[in-house]
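# Structural overview for review
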Amino acid sequence: MPESSNTIFDGKNFRADDHVRELVQECVGGPELLQRKAKIQTYSDQTSTALKKHVYENYMKFIDTAKEISHLESEMYQLSHILIEQRNLLSTLRESNIVDDVRNVPVDTEEPQMKSLGEETHNHNAITAIRDSLSGYSGIFENKTFIHEGGLIELDANDYRPICRTYLFLLNDTLIVAKVKHDKKLEFLAEYESKKLAVINIRDLDGVRNAINIITPDGSRIFQCISPSAKAEWIEKFEVSMKGHQRHRKGPAPQPPIAVRQKSLVDTVSLSSDATLSPTAEHTPLIFAPDWLSSAPEEIQALIAQRHFEDTLALLQKCEDYLQRDSTFHGAAEMREKMKNLKVSLVNVLLLELSASQSRSLHAALRSARRPLKLLAEMKKSREACGALLGVCTTAIRTAQRQARRNNLGVAEIFFCDLAQVVAEFVGAFGPQAACTASLVVWCHQELQYFASQLIKHYLGKGTDLEVVANCVELVRVPCARLNDVGLDVGYHMEGLLRPTLEGLLAEARERLIGATQRVEDNWQPYNLRSKQALKSTMKEFEVFGINLKPLITGDTFINLTQSTVNFCRQFFVTTLSCATLAKYETLKFDAEILVKELFVAQFNLKADPSTAIDLNFVSRNKQFLLEKVLPAGISLFESTSGRACELLPELKNLTTKTGQPPKPKPRSIYQTEVL
C-alpha cells in the first residue's frame with residue numbers, strides 16, 4: 001500500500017469512515033494497522049500543537065492591539081481636553097473685546113463693508129469645501145450661508161446603541177447629514193430644511209451622555225456629541241438657524257443685550273430660553289465660574305479614562321473645596337451635581353478595579369488592591385471597599401486551598417497563613433473602624449466554616465483511621481494558635497466546628513477497636529519472635545514507653561507473654577497517643593478517655609477456652625503485666641501528651657482485686673543462652 005499523505009485529511013471530500021475502511025482493506029494484520037494509527041496520532045498531535053501555537057500568537061496580537069487602542073483612546077481624550085482649553089481661551093478673549101453697548105460705538109461706514117466682504121469670502125470657501133468633500137449630493141449651494149459643522153455619532157432610538165459615525169453640515173436653511181466611511185470620505189445620507197426641524201436636549205443618563213434628539217420629517221434621530229461644550233454649541237447653532245427663518249419671514253428682530261446672550265450660551269437646557277427674554281431687560285452682570293472649574297468635568301473624565309486616579313481625586317477635592325467656599329456664581333448647583341456624579345463614577349471605577357484584582361496568589365491580589373483601597377479610604381468609602389477586598393481574598397484563598405489539595409500540601413498551614421496575611425493587610429488599610437472590623441469577623445467566621453467543611457469532606461470522612469484523624473487535628477491546631485499573635489483567636493470556634501465530626505469518629509473507632517479485640521482467639525502460649533533481631537527490636541519498642549521486657553524473656557527468641565498481648569500493647573499505645581492528642585480539646589477529653597478505658601477492659605476480660613489445657617499461671621501473668629506495666633505507662637502517656645489529668649483510667653487499677661493472686665508456677669528447667 002502506498003504511504004498515505006497528510007494532505008488526505010485536509011481535503012474537502014475527506015470522510016473518516018471511508019478512509020478507515022480503505023486502511024482495513026489495504027493493511028495486512030494488526031501491526032500495520034497499529035503503525036498507521038500511530039502515524040495518524042502523530043499528525044493529530046502536530047496539528048494540535050500548531051493550532052495551540054496559532055491561538056497563542058493571535059492572543060498576543062489581540063493583547064497588543066488592545067494596548068494600542070487604550071493608548072489611542074488616552075491620546076484622544078488628551079487631544080479633546082486641549083481643544084476644549086483652546087476653545088475656552090478663545091471665548092474668553094472674544095468676550096473681553098466685546099463692548100457692553102453697541103450704541104455708544106461710532107459707526108464706521110468702511111468697516112462693515114470690509115467685514116461683510118470677509119464673511120462672504122469665508123462663506124464661499126466653506127461652501128466650496130463642502131461641495132468637494134461630500135459625495136452623492138446633488139443639491140444646490142447657491143444663496144446658502146454656512147453656520148456650523150462637526151462629527152457626531154448616531155445612536156439607536158430604542159437602546160442608545162451606536163449605529164454609525166456621521167458628519168453634519170448646518171447651513172442657514174438646510175441640515176445635511178453625511179456618513180463617515182472607512183476611508184474617511186463623506187457619503188451623503190439625508191437633507192432637511194431647518195424650518196421643519198426641532199432639537200431636543202436629552203438629559204445625561206447612565207448609558208448615554210451629551211446626546212441631542214433632532215426631530216425630522218422622517219422621524220426622530222439621536223446624535224451624541226464629543227463633549228458637553230460641543231453639545232451646547234450645536235444647540236445654539238440650531239437656534240441661530242431657526243431664528244434666521246423667523247427673521248426672514250417677519251423682518252429683523254431687536255438685538256438682545258450682551259449679558260442675556262451670554263446666559264443663553266451657558267444654560268442650554270431649554271431651547272426657547274432666548275425667545276422669552278425681553279430686549280429691554282436690565283443689564284445685570286453675571287458671575288461665572290473660573291475657567292479651570294468649567295473644564296474640570298471633562299478633565300476628570302479624561303483622568304479616569306487614563307487611570308490617573310490620584311490626580312482625579314485631588315482635582316475632585318479641589319473642586320469641592322472651591323464650591324464649598326464660593327457657590328454664588330452662575331450654574332453652581334449644576335456644577336455641584338456634576339461633581340457628585342463624577343465622584344460616584346470614580347467610586348464605581350475604583351470598586352471595579354478592586355474587584356478585578358483577583359489572582360491565583362493572595363499576596364499578589366493584596367498588593368494590587370492597595371492603591372484602590374487607599375483612595376476609597378480617603379473618599380470615606382471604607383465599608384464598600386472592605387466588602388470588595390474580602391470578596392477578592394475569598395477567591396484567592398479558596399483557589400490556594402484547591403491547589404494545595406491537588407498537590408498534597410499542608411492545607412491547614414496554608415489556610416491560616418493566608419488568614420493571618422489578610423487580617424494584617426486589613427488592619428493596616430482600615431484601622432480600628434467598627435463597621436469594617438465587624439465585616440472582618442463575619443468573613444473569618446464564613447471562611448472557617450468553609451475550611452472546616454472541606455477538611456471534613458476530604459480528610460475526616462467516615463472510616464478514617466484514628467491516628468490519621470489525630471495527626472490532621474494537630475496540624476490544624478498548631479497554625480490556628482499562631483493567629484493569636486495578630487490578635488485573632490479562632491481556636492475555640494474551630495473546635496466547635498470540628499467537635500461533632502470528631503465525636504462521631506471517636507465513637508466509630510471505639511466500636512471498631514473493641515470488636516477487633518474481642519474477636520481475637522489466643523492460644524495462651526509464649527510468643528516466639530523467630531529471631532534475636534526481632535526480639536531486640538521489640539524490646540526497644542517497649543522501652544520507649546518505659547516498659548522493660550528483659551525479665552520476661554525466656555530462651556533465645558521467646559517472650560513469656562502471648563502474641564495477642566504484645567500486639568495489643570502496641571495498638572493500645574498508638575490509640576492512647578491519638579486519643580491524648582484529641583483530648584487537648586477540653587470537649588473531647590471525656591470521649592477519648594472512654595475509648596482508652598473500654599479498649600483496655602476488653603483486652604483484660606479475654607478468657608481462655610475451658611475445653612483446652614491452658615496454664616492458668618501464664619494467663620494470670622499476662623493480665624498482671626497489663627495492670628502493672630501497660631496501664632501506668634498508658635496513663636503517663638495520656639497525661640503528658642494531652643496536658644490534662646486522667647479521671648477514668650486510674651479506676652482500672654481496681655481490677656486487681658477481682659483477679660486474685662495467681663497460683664505459684666511449677667519449677668522447670670529451661671535451656672537458655674546469652675541473648676543480649
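Calculation rules
Residues numbered from 1 in each chain as written. Predicted model: local features only at pLDDT ≥ 70, side-chain atom pairs only at ≥ 80, totals over all residues. Heavy atoms only, no water. Helix = DSSP H or I, 4+ residues; strand = E, 2+ residues; numbered from the N terminus. Contact = heavy atoms within 4.5 Å. Areas by Shrake-Rupley, 256 points an atom, 1.4 Å probe, with all protein chains shown as cover. Pairing = 2+ DSSP bridges. pLDDT = per-residue confidence, 0-100. Buried < 20%, exposed > 50% of the residue type's maximum accessible area, 1.4 Å probe, protein only. Salt bridge = Lys/Arg side-chain N within 4 Å of Asp/Glu carboxyl O. Patch = residues over 30% accessible without salt bridge, like charges linked within 9 Å, V, L, I, M, F, W, Y side chains within 5 Å. Phe/Tyr/Trp six-rings, centres within 6.5 Å; stacked < 30°, edge-to-face > 60°. Lys NZ or Arg CZ within 6 Å of the ring centre and 35° of its normal. Core = buried A, V, L, I, M, F, W, Y, C linked by side-chain atoms within 4.5 Å. Domains from an automatic or database assignment. Axes fitted to C-alpha atoms, helices over the stretch in contact; angles between N-to-C directions. Parallel < 35°, antiparallel > 145°, perpendicular 65-115°, else oblique. Left-handed = near helix turned anticlockwise from the far one by under 90°. Nonpolar A, V, L, I, M, F, W, Y, C, P; charged D, E, K, R; others polar.

## Looking at the overall build of the protein chain
Helix and strand counts for the protein chain come out as 21 helices and 11 strands. Within the protein chain, residue pairs in contact and separated by at least 24 positions form 66% of the contacts whose partners lie at least 6 positions apart. Looking at the protein chain as shown, the accessible area adds up to about 41,200 Å², and 53% of this sits on carbon and sulfur atoms.

## Notes on the sheet that holds strand β11 (residues 558-559)
As summarised here, the arrangement of the three strands in space is β9-β11-β10, forming an open sheet in which the pairing is antiparallel. At either margin of the open sheet sits one strand with a lone partner, and together these are β9 (527-528) and β10 (553-554). Of the pairings in the sheet, the one linking β10 to β11 comprises two bridges and is antiparallel in character. Bridge pairing links T554 to F558 in β11.

## Some remarks on the confidence of the model for the protein chain
Mean pLDDT over the protein chain stands at 79; residues scoring 70 or higher make up 84%. Per-residue pLDDT stays below 50 along residues 657-666; that stretch engages in 10 contacts with residues further than four places along the chain or on separate chains.

## Description of the pairing of strand β2 (residues 146-155)
Both faces of the sheet carry side chains from a regular strand, because those side chains alternate between them. Across nine bridges, the pairing between β2 and strand β3 (residues 162-171) is antiparallel. Residue pairing across strands places G150 opposite L168, the latter belonging to β3. Between β2 and β3, which pair antiparallel in sequence order, lie six residues; one of them, Y160, sits at a positive phi of approximately 55 degrees.

## Concerning the pairing of strand β8 (residues 219-224)
Pairing of β2 with β8 involves three bridges; the strand directions are antiparallel. Of the residues in β8, the one forming a bridge with I153 is Q224. With six bridges joining them, strand β7 (residues 211-216) and β8 adopt antiparallel strand pairing. What sits directly across from N213, in β8, is I222. Connecting β7 to the antiparallel partner β8 that follows it, the hairpin turn spans two residues.

## Some points on unusual backbone geometry
Here the phi dihedral of K380 falls at roughly 60 degrees; this positive angle occurs in a residue that is not glycine. Relative to the elements of secondary structure, K380 occurs in the loop between α11 (362-378) and α12 (382-406). Phi at N408 takes a positive value of approximately 55 degrees, unusual for a residue other than glycine. Positionally, N408 belongs in the loop between α12 and α13 (411-430). On the basis of relative accessible area, N408 is assigned to the exposed category, the value being 70%.

## Considerations on the pattern of salt bridges
Within the structure shown, the criterion is met by 19 salt bridges. R512 serves as the salt-bridge partner of E508, at 4.0 Å between the closest nitrogen and oxygen. Remark: R512 and E508 occur in helix α16 (residues 491-518); sequence separation between them is four residues, near one turn of the helix. For E508, a relative accessible area of 23% corresponds to the partly exposed category.

## Points about a nonpolar patch on the surface
Together, Y56, Y59, M60 and F62 make up a nonpolar patch on the protein surface, roughly 470 Å² of accessible area in all. Mapping M60 onto the fold places it in helix α3 (residues 29-96). Its relative accessible area of 31% is what places M60 among the partly exposed residues.

## Examining the packing of aromatic side chains
Here a ring pair, both rings aromatic, is described through the centre-centre distance and the interplanar angle of the planes. One pass over the full model with this rule turns up 16 aromatic pairs. Taken together, a centroid distance of 5.6 Å and an interplanar angle of 80 degrees make the contact between W292 and Y322 edge-to-face. With a gap of 30 residues between them, W292 in helix α7 (residues 291-294) and Y322 in helix α9 (residues 309-325) connect regions that are remote in the sequence. For W292, a relative accessible area of 30% translates into the label partly exposed. According to the relative accessible area criterion, Y322 is buried, its value standing at 18%. Ring geometry for F416 and F451: centres 5.6 Å apart, planes at 75 degrees, overall edge-to-face. Pair noted here: F416 is in helix α13 and F451 is in helix α14 (residues 434-458), with a separation of 35 residues, a long-range link. Neither F416 nor F451 differs from the other in exposure class; each is buried. Through successive ring pairs, a cluster of aromatic residues spans F545, F568, F572, F573, F600 and F604. Seen from the ring of W292, K318 lies directly overhead, with NZ or CZ sitting 4.6 Å from the centre. Lying across the ring of Y450, R398 places its NZ or CZ 3.8 Å from the centre.

## Notes on the nonpolar core
What tends to happen in soluble globular proteins is that the nonpolar side chains get buried as a cluster. If you look at the biggest cluster of nonpolar residues, it comprises 115 residues, and the most contacted ones within it are M339, F416 and F600. Counting residues per element, this core draws most heavily on α13, which supplies 10 residues. Of the residues that make up this core, three or more belong to each of domain 3 (307-460) and domain 4 (499-657). For M339, the residues in contact, after removing those within four places along its chain, are L293, A296, P297, I300, L316, C319 and L323.

## Considering the environment of P162
You can see P162 is positioned in strand β3. Considering only alpha carbons, one finds P162 and F223, 61 residues apart in sequence, at a separation of 9.1 Å. When residues no more than four places from it in sequence are discounted, the contact partners of P162 are I153, E154 and L155.

## A few points about the sheet that holds strand β5 (residues 186-193)
Here we have eight strands laid out as an open sheet, ordered β1-β5-β4-β3-β2-β8-β7-β6, and mixed in their pairing. Single-partner strands in this sheet number two, and they are β1 (134-135) and β6 (198-201).

## Digging into the packing of helix α8 (residues 296-305) against α9
Two numbers describe how α8 lies on α9: the axes approach to 8 Å, and their chain directions differ by 160 degrees. Classified by the angle between their axes, α8 and α9 sit roughly antiparallel to one another. The two elements α8 and α9 cross, and the hand of that crossing is left-handed. Between α8 and α9, the residues in contact are A296, E299, I300, L303 and I304 and F309, D311, T312, L315, L316 and C319, respectively. Here the residues of the contact of α8 with α9 are counted per class, giving eight nonpolar, one polar and two charged.

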